[in-house]
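Given next are the chains, with one letter for each unit.
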Amino acid sequence: MTPRLRARGVSRRFGALVAVDGVELDVMSGEVHAVIGPNGAGKSTLLGILAGEVRPDAGEIFLDGQRVTGLDTARRARLGMARSFQVTAIVQDLTALQNAMLAVIAAERGRIPGLGRPAMADPTLLAAAREALRAVGIEGAADVAAGSLAHGAQRQLELAMALVGRPRVLLLDEPTAGTGPDEGRAMIELLRRVKTTPGGGPSMVLVEHDLDAVFALADRITVMAQGRVIACGPPEAVRTDPLVRAAYLGDAHR
Amino acid sequence: MDTILILTQALNGLQLGVMLFLMAAGLTLVFGIMNLINLAHGALYMAGAYLAAAAYGWTGSFLAAVALAVAGTAALGAAIELAALRGLYRRDHLDQVLATFGLILFLNEAARLVWGPAALFVPVPAALAHTVAILPGVPYPAYRLAIIAVGVAVAGGLYLLIARTRLGMLIRAGASNRTMVAALGVDVGLLYTAVFALGAGLAALAGAMAAPILSVEPGMGEPILILTLVVIVVGGIGSIRGAFAGALLIGCVDTIGRAFLPSMLRAVLAPSASAAVGPALASMLIYLTMAVVLALRPRGLFAARTG
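Thresholds, definitions, all that
Residues numbered from 1 in each chain as written. Chains lettered and ligands numbered in written order. Predicted model: local features only at pLDDT ≥ 70, side-chain atom pairs only at ≥ 80, totals over all residues. Heavy atoms only, no water. Pairing = 2+ DSSP bridges. Helix = DSSP H or I, 4+ residues; strand = E, 2+ residues; numbered from the N terminus. Axes fitted to C-alpha atoms, helices over the stretch in contact; angles between N-to-C directions. Contact = heavy atoms within 4.5 Å. Salt bridge = Lys/Arg side-chain N within 4 Å of Asp/Glu carboxyl O. Polar contact = N/O pair within 3.5 Å; in protein donor to acceptor, adjacent residues only side chain to side chain. Patch = residues over 30% accessible without salt bridge, like charges linked within 9 Å, V, L, I, M, F, W, Y side chains within 5 Å. Areas by Shrake-Rupley, 256 points an atom, 1.4 Å probe, with all protein chains shown as cover. Parallel < 35°, antiparallel > 145°, perpendicular 65-115°, else oblique. Nonpolar A, V, L, I, M, F, W, Y, C, P; charged D, E, K, R; others polar. Domains from an automatic or database assignment. Buried area = accessible area lost by both parts, 1.4 Å probe. pLDDT = per-residue confidence, 0-100. Buried < 20%, exposed > 50% of the residue type's maximum accessible area, 1.4 Å probe, protein only.

### Examining the sheet that holds strand 9 (residues 220-225) of chain A
Residues and elements named next belong to chain A. Taken in spatial order, the 6 strands line up as 6-7-8-3-9-10 in an open sheet, and their pairing is mixed. Each edge of the open sheet carries a strand with a single partner, namely strand 6 (81-84) and strand 10 (228-233). Here the average twist between neighbouring strands, direction ignored, is 15 degrees. Judged from the 4 bridges that link them, strand 3 (residues 32-36) and strand 9 form a sheet pairing that is parallel. Looking at the pairing, Ala-34 lines up with Ile-221 of strand 9. In the packing of helix 1 (residues 43-51) onto the sheet, the strands contacted are strand 3, strand 6, strand 7 (169-173), strand 8 (203-207) and strand 9, and the crossing angle to strand 7 comes to about 150 degrees.

So this is what it looks like as structure tokens:
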């Protein structure tokens, strides 16, 4: 079976620092694949390479068997790769609804003539945007400026926008970062719902520091240290892997 | 009568203001969205004026000349963006200033080569070559009133474009967070080219409308570029509303200051002193205005929020 998303021998150096070193990663259809590792392990750089923001020095990326290594972020997004950012990426001075409308407009693959069409008075567009907010449970905040939303709600909004185009792959960069304990739990619950979307949820690559979130969601876990993959497998196997415990988990998770 | 003079000068200020708005709208969008300092924006204004003069020569119709000038300059802007500016977005502002200053020299010299060093003149269109009594016994040129009307209409249209359309939403989002917009699947390069062409078209509209009241010559874009830079700083970089408010403010301050400051100084200073100080102070007035605005609101009147 062809993996949905595959990284083959991906490397990237920044000056003398080898941030990502020959990484192999297979993400199967519908799988939640967590990438964990200590700070500086190269997780975010790997996610950037998968998303098309960071050019790898070596290696190839495939989406459903199609080579996408040379494509930029926007092209990959149009092929069905959505992502969330470590620092919440929303337009602060637009309302939550307008942010969602933006995602709908982007997903329309609009050409320039279509772009002149009215946005604020288009019932189809408004309905699609409201539906996107409802899917993550923030429809009540539709008319609030996105910058004034609570941090957890901002992350939910960002997720709503990423889900609009029904992506095949969702790249998540620390979705619970900066949230309080309740907001974090809500986000985990939300991602679990996305995973079990009727008709099949997107494959997810989850870069996350919060190990509770990782063990609650992941089907498989890849552990990175100093740019390399040191372990990959189901959560239980990774939890008991002596190499991982030495490099990363430490005594806290004995 | 004094009130009549004030009214006339206020209209002159308004007319300069809408011209400045047409210039500032494009410049502030390009700065706000692409983070590009485009000193060649004044050269696009000149290109609009030259193309209007040439097209007027071919067609004999002023409306057709303006339309051709706007379309031609928008296409020229798109070509310049693709060929010369695309590589500059990630460079620092000094590199951008150097490169776009080079473009000024190139375009000025190109205009000199094609049309010669002498100024071209475009007649005021016959339908507007009369005066209108704005008050009984107070005539004002119809053409200048038409400029004001066109400028206000374009400002309204631009507001609707930015606030109400899909393209406008993408432009606002692109100004705030380009990484996010790209991650949503928007071709940011195409968006930038479109925005730059839009700005070039607006500059050309200003240049074409200025052609009958100014002489069309190489270098005509630089004085208005300086004023435009003051406008977008006063208005708040990246903000269309700010560009509109700033343009009207600077247009009126500059015009009214030049008209009245010397005579006002005569009331408090000796004639010889006021004759020396008056014009100098009048030409400094817009910079004093900018300093006051920035002291009160360091990010301009309508700072566009980013991040």
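### A look at the interface of chain A and chain B
Taken together, the contact pairs 33 residues of chain A with 23 residues of chain B. Applying the counting criterion to the chain A and chain B interface returns 1 salt bridge. A:Asp122 is paired through a salt bridge with B:Arg166; the nearest N and O atoms lie 2.9 Å apart. Taken together, the connections running from chain A to chain B amount to 2 residue pairs in polar contact (both at pLDDT 80 or more). Looking at the side of chain A that touches chain B, the elements that each hand over two or more residues are helix 2 (73-78), strand 6, helix 3 (96-107) and helix 4 (112-115) of chain A. If one sorts the elements of the side of chain A that touches chain B by residue count, helix 3 of chain A sits on top with 6 residues.

### Notes on a nonpolar patch on the surface
The grouping of B:Leu113, B:Val114 and B:Trp115 at the surface amounts to a nonpolar patch, some 340 Å² of accessible area in total. If you trace the backbone, B:Leu113 turns up in helix 4 (residues 93-115).

### Brief notes about the packing of helix 1 (residues 2-34) of chain B against helix 6 (residues 166-176) of chain B
All names here are of chain B. One way to put it is that helix 1 packs onto helix 6 with a least axis distance of 7 Å and a crossing angle of 55 degrees. With respect to each other, helix 1 and helix 6 are oriented oblique. On helix 6, the residues touching Leu-29, Gly-32 and Ile-33 of helix 1 are Ile-171, Gly-174 and Ala-175. Residue composition of the contact of helix 1 with helix 6, grouped by class: 4 nonpolar, 2 polar and no charged.

### Here we look at the domain arrangement of chain A
Interfaces are often sized by the amount of accessible area the parts lose when they come together. Residues and elements named next belong to chain A. One can read the domain layout of chain A as domain 1 (1-80 + 167-254) and domain 2 (91-166). Its C-alpha centre places domain 1 at a distance of 26 Å from the equivalent point of domain 2. Taken together, the contact pairs 19 residues of domain 1 with 13 residues of domain 2. Taken together, the two surfaces of domain 1 and domain 2 that pack against each other cover about 1200 Å², and 65% of this comes from carbon and sulfur. Of all residues in domain 1, Arg-78, Pro-167 and Leu-190 give up the largest surface area on contact with domain 2, accounting jointly for 37% of the area buried on that side. At the junction of domain 1 with domain 2, the criterion picks out 3 residue pairs in polar contact (both at pLDDT 80 or more). Of the residues forming the side of domain 1 that touches domain 2, the biggest block, 6 residues, is contributed by helix 7 (residues 181-195). Taken together, the residues that form the side of domain 1 that touches domain 2 break down as 11 nonpolar, 2 polar and 6 charged.

### Concerning the sheet that holds strand 2 (residues 17-27) of chain A
All names here are of chain A. With antiparallel pairing, the 4 strands of this open sheet are ordered in space as 2-1-4-5. Strands with a single pairing partner mark the edges of an open sheet, and in this sheet they are strand 2 and strand 5 (66-67). Bridge count between strand 4 (residues 58-63) and strand 5: 2 bridges; the pairing is antiparallel. Within strand 5, the position partnered with Phe-62 by the bridge is Arg-67.

### Describing the confidence of the model for chain B
Atom-level detail of predicted coordinates should not be read off regions where pLDDT is low. Looking at chain B as a whole, its pLDDT mean stands at 90, while 98% of the residues score no less than 70. This prediction of the complex comes with two scores: 0.84 for pTM and 0.79 for ipTM.

### Brief notes about the pairing of strand 2 (residues 138-141) of chain B
Residue and element names in this part refer to chain B. Side chains of strand 2 alternate between two faces, with Val-138 and Tyr-140 buried and Pro-139 and Pro-141 left unburied. One ladder, built from 4 bridges, connects strand 1 (residues 131-135) with strand 2; its direction is antiparallel. Paired with Ala-133 across the two strands is Pro-139, which belongs to strand 2. What sits between the antiparallel neighbours strand 1 and strand 2 is a turn of 2 residues, in which Gly-137 has the positive phi angle 80 degrees.

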